[in-house]
Structure formats: C-alpha cells, structure tokens
Amino acid sequence: MSERARRAELAANLAAVRLRIEGACAAAGRAPEAVTVIVVTKFFPATDVRILAELEVVDVGENRHPEAARKKAACLDLGLRWHFIGGLQTNKAPAVAGYADVVHSVDRAKLLPGLARGAVDRAEPLPCLIQVSLEDPERAAGASSARAGIAPTELLALADEVSAEARLRLAGLMAVAPVRMEPEVAFTRLARIREALLARHPEATVLSAGMTGDLEQAIAAGATHVRVGRAILGPRPVVE
Ligand SMILES: *Cc1c(COP(=O)(O)O)cnc(C)c1O
C-alpha cells in the first residue's frame, strides 16, 4: 500500500474511533475530552506511528520490549507519549522504565525496584498504573500463571508500595475484560475496585480500560484512557 493510501486508511479509522468515543461519552453523560485514545501500534512499523502523529495522535501504546524501545527511538522527533501496556518481566523493568512515559502493567511488588532503578534519570517520577485482574476469583486461582493483573484483594497493598517509591507515581488502574465475561460485568467490577482505590489514593485517577471490542462499555464505567489497536491500524500481521 502506498503511504498516501495508508494515511487515508488510518485517518478514516481514527475518525471512526473518535466518533465511537464521542457517542459513548454522550451516552454516559461525560465530556469527550475526558477520554484519551491510546493508539496501540504493536506489530506495526514506525512509519505508521509517524502518520498517526501527523493525524494529531499524541498517545501510543506498545506491549513488548524491545520492539517498543526501537520504535520510540525511531520516532523521538515526534514528541509522543509512549505507554507500555504489556506484561513486564522483572529483568526488563529497568529498561522499560528508561523509555516508557507511562507503565500500565504493574502487577506485582517485585517489579518496583527495577522500575525505580530505571526511572532514576527522569525529571519527574514515572507514572504507573496497577493492572488489576477482573477474573472470577475461582477461575483466577485455577489459572494463576495465565492471569494478568493483581487480584483485587491485593491491590491496595501494592498501591501503597508504589506510592511509597519516590521515583514512581501511582497514577491509576489498568484492566482488560476477561474473554469469557461480558464487558459490562467486567467493567462494573472494575469501577467498584477503582472506588476503593480512590478512597485511599485520591491521586490515582487514571482508568485505562477498553479496547477495539469494548471501548463503549469501558467509557460507561469511567475509563479515562482507551487502548485501541485493530480498529485503527487494522488486523495485526502476526497472531499473538
Ligand atoms: C493489543 C492490546 C490492546 C489493543 O487491542 P485491540 O483489540 O487491537 O484494540 C489493548 N490493550 C492491551 C493490553 C493490548 O495488549
């Protein structure tokens, strides 16, 4: 596809997603400015990121190191905000904290020393979101290795630890709706979990939830950031 055709495609897709967000905000009685779209560019080349920046995208999401690092390095002139949204390995945490502008996937205390070490050269503390699991507790217990996100019962303790780290800033929560759960059910659960977090950490206002398939339900439940890949970039070239 020519660059011109790709630009037209991305522009049309972006406009359609922005319309969906506006519609969801209107339905929820929320201002459209209250929701930021993070365009998830994983698997797509830096040339697409460049076109997106020209289309006034500011926030991009990546889920793997070192793909994320390479792409940011190729796009440094664009002044984008890079959101790391993927599962974090403990030994990669310092590297990711070195280039990510926001880390969405903090799900265990073991990550914190590495993140703090990687954030040492930053002017401001690194904004971190805690990824919380919305699985039913029984299911989560049965498949704990596959579960992404901390159990809600352990969330407040981890939040305290993040906020106690001088080089990290507790910014809020991230979640993915489980595959076998209605998004409304998942995000209603998330909204309740968020209430409990805000009661203790009123500064943790970010709610990163909603993707291509369920952004409306996430916005209805209070999402401040939606992470959208396929609806903007098209199907990913590789099966995950
Ligand atoms: C890939 C990914 C997304 C984007 O998903 P789409 O269905 O392509 O919109 C959002 N969040 C996370 C954590 C992801 O890994």
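Here the structure is a predicted model, which is why all the values come from computation and not from measurement. (Residues numbered from 1 in each chain as written. Predicted model: local features only at pLDDT ≥ 70, side-chain atom pairs only at ≥ 80, totals over all residues. Heavy atoms only, no water.)

## Some words on the pairing of strand E6 (residues 168-174)
- Judged by how many residues are buried, E6 sits mostly within the fold: 6 of 7 residues are covered.
- Here strand E5 (residues 126-131) runs beside E6; their pairing, made up of 6 bridges, is parallel. Across the sheet, Leu-129 pairs through a bridge with Gly-172, a residue of E6.
- The pairing of E6 with strand E7 (residues 206-208) spans 3 bridges and is parallel. Looking at E7, one finds that Leu-173 is bridged to Leu-207.
- As a crossover connection, the stretch from E6 through helix H8 (residues 183-200) into E7 is right-handed. (Buried < 20%, exposed > 50% of the residue type's maximum accessible area, 1.4 Å probe, protein only. Helix = DSSP H or I, 4+ residues; strand = E, 2+ residues; numbered from the N terminus. Pairing = 2+ DSSP bridges. Right-handed = clockwise from strand over helix to strand, strands pointing away.)

## Focus on the site of the ligand
- In the vicinity of the ligand, the residues found are Val-40, Lys-42, Ile-85, Met-211, Thr-212, Arg-227, Val-228, Gly-229, Arg-230 and Arg-236.
- One of the side-chain N or O atoms of Arg-227 is found 2.9 Å from a nitrogen atom in the ligand.
- A distance of 2.8 Å separates an oxygen atom of the ligand from a polar side-chain atom of Arg-230.
- If the ligand stood free it would expose 390 Å²; the protein chains cover 91% of that surface. (Near = heavy atom within 4 Å. Polar contact = N/O pair within 3.5 Å; in protein donor to acceptor, adjacent residues only side chain to side chain. Areas by Shrake-Rupley, 256 points an atom, 1.4 Å probe, with all protein chains shown as cover.)

## Describing the packing of helix H1 (residues 3-28) against helix H2 (residues 46-54)
- Interaxial distance between H1 and H2 falls to 10 Å at its minimum, and their mutual angle equals 55°. Here H1 is positioned oblique relative to H2, judged by the angle of their axes. The handedness of the crossing between H1 and H2 is right-handed. Where H1 approaches H2, its residues Glu-3, Arg-6, Arg-7, Leu-10 and Leu-14 are matched on the opposing element by Asp-48, Ile-51, Leu-52 and Glu-54.
- Classifying every residue of the contact of H1 with H2 by side-chain character gives 4 nonpolar, no polar and 5 charged. (Axes fitted to C-alpha atoms, helices over the stretch in contact; angles between N-to-C directions. Parallel < 35°, antiparallel > 145°, perpendicular 65-115°, else oblique. Left-handed = near helix turned anticlockwise from the far one by under 90°. Contact = heavy atoms within 4.5 Å. Nonpolar A, V, L, I, M, F, W, Y, C, P; charged D, E, K, R; others polar.)

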